[in-house]
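Given next are the chains, with one letter for each unit.
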Amino acid sequence: MSQKFSSLAEEGRLRTEWAEMHMPVLRLIRERFEKEKPLKGVKIGACLHVTTETANLMKTLVAGGAEVALCASNPLSTKDDVVAHLVEHEKMKVYARYGESREEYYEHIDKVLDIGPNITLDDGADLISTIHAKRQDLIANIYGGVEETTTGVIRLRNMAEKGVLKYPIIAANDAATKHLFDNRHGTGQNTLDGIMRATNILIAGKIFVVCGYGWCGRGVAMRAHGMGANVVVIEVDPIKALEAVMDGFRVMPIAEAARLGDIFVTVTGNKWAINREHIATMKDGAILANNGHFDVEIDVVRLKEMALSQRRIRQHVVEYTLPSGNRIYLLAEGRLVGQTAAEAHPAEIMDMSFAIQALAAEYLLKEHGSLENKVYLIPQEVDHSIARLKLKSMGIEMDELTEEQKEYLSSWTVGT
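Residues numbered from 1 in each chain as written. Predicted model: local features only at pLDDT ≥ 70, side-chain atom pairs only at ≥ 80, totals over all residues. Heavy atoms only, no water.

Glancing now at the pairing of strand β11 (residues 287-290). Neither face of β11 is open: one carries Ile287 and Ala289, the other Leu288 and Asn290, and all of them are buried. Here 4 bridges tie strand β10 (residues 263-266) to β11, and the two strands are oriented parallel to one another. Bridged to Thr266 within β11 is Asn290. Two elements, β11 and strand β14 (residues 327-331), share 2 bridges in a ladder whose sense is parallel. When the sheet's bridge partners are listed, Leu288 is paired in β14 with Leu330. (Buried < 20%, exposed > 50% of the residue type's maximum accessible area, 1.4 Å probe, protein only. Helix = DSSP H or I, 4+ residues; strand = E, 2+ residues; numbered from the N terminus. Pairing = 2+ DSSP bridges.)

Given below as structure tokens:
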């Protein structure tokens, strides 16, 4: 290895070590895995954001006896120092680099699949979709897969409903210890972190438009409001729209909000939440950011077509000048702003999310042969065990039901 690569690897090692300090649940799982080797002989292919937290997940799986191969789930979220660390110090198969092309992205997915995985770990379902589209010869040896994010779970549930899903999936995203914390607190924090690092602007006093009020949107709106922004929510679901109103936010159509907003963030999981017509009415200086998984939520293609000129102002900020003379600023090329312009979710959040991934892999191995080709929730006892470990690591104790209380809850004869 070159001296430069070794230096990069050392930087990655130190940052991965720092993340590990803040991932006590995963660390406890790793200690058990090292003793029990529950994944011995299992090949695991992973398509995840290549970050320090992911490095600790990979080390946990290897401690459990697995052979792993990792590629990136987003071309702009890869931390090259982490790649160098995993390759040089941990001797892992990692196929990723920051800024890789679309062609390289799919070449790297194929290299991961070349190990013939028994279990797949996805963040966006690109491994699974590639297997189903081009590599169906691998399916016979696959026990199951785990999907990390909302967008991927939506894709996989559609596949299951249409009868085309060829192996069982655990929806890690739908675990309570994932979406209630990762989606809300993780995405809420890293979205604001990414915007501020990219632009260095003041959030207070801005009209901050949040497209989507799922768990991610709730988190973004909460953090923006906490920093003094005037938050507007865009929704298509009447229940979520009503919830946003009751939470104290204005709700209106995007066509109306487009004329008002200073900062726009999309977290819908759907395409073109902000389209050409919306962009055309935005005021001079409007900032567009996406923190949904795929780069389709802002219609970047039409933005480029309608712009008279474009120039890069800062590392993650491109200015587009419209025929009206108004300037629109797109962050992180319309990709995940929290992953690209910042460092993604804090380690404390990914501690729970990746604990789910590790335990879901163990569960798939144990239940191999008994699961249908469906999307499953992780068992509640696993979800609760992760929450208990997290509370314990924080030094927090909680009550337990007495026998009398348990009896009361299980009875239907006792009334008022």
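Once that is clear, we can look at the domain arrangement of the chain. In terms of domains, the chain is made up of domain 1 (1-180 + 345-394) and domain 2 (186-341). Taking the mean C-alpha position of each, domain 1 and domain 2 sit 29 Å from one another. Facing the 20 residues of domain 1 at the interface are 15 residues of domain 2. When the area that domain 1 buries against domain 2 is broken down by residue, the three leading residues are Leu76, Thr151 and His345, summing to 36%. Applying the counting criterion to the domain 1 and domain 2 interface returns 0 salt bridges. For the pair domain 1 and domain 2, the interface holds 4 residue pairs in polar contact (both at pLDDT 80 or more). Going through the elements one at a time, α7 (150-161) and α8 (176-199) are the ones with two or more residues in the side of domain 1 that touches domain 2. (Domains from an automatic or database assignment. Contact = heavy atoms within 4.5 Å. Buried area = accessible area lost by both parts, 1.4 Å probe. Salt bridge = Lys/Arg side-chain N within 4 Å of Asp/Glu carboxyl O. Polar contact = N/O pair within 3.5 Å; in protein donor to acceptor, adjacent residues only side chain to side chain.)

A positive phi angle, close to 55 degrees, is found at Ala332, a residue other than glycine. Position of Ala332 relative to the elements: it lies in the loop between β14 and α14 (337-340). Here Ala332 falls in the buried class, since its relative accessible area comes to 3%. A positive phi angle is found at Ala344, which is not glycine, with a value near 70 degrees. Among the secondary structure elements, Ala344 is positioned in the loop between α14 and α15 (347-366).

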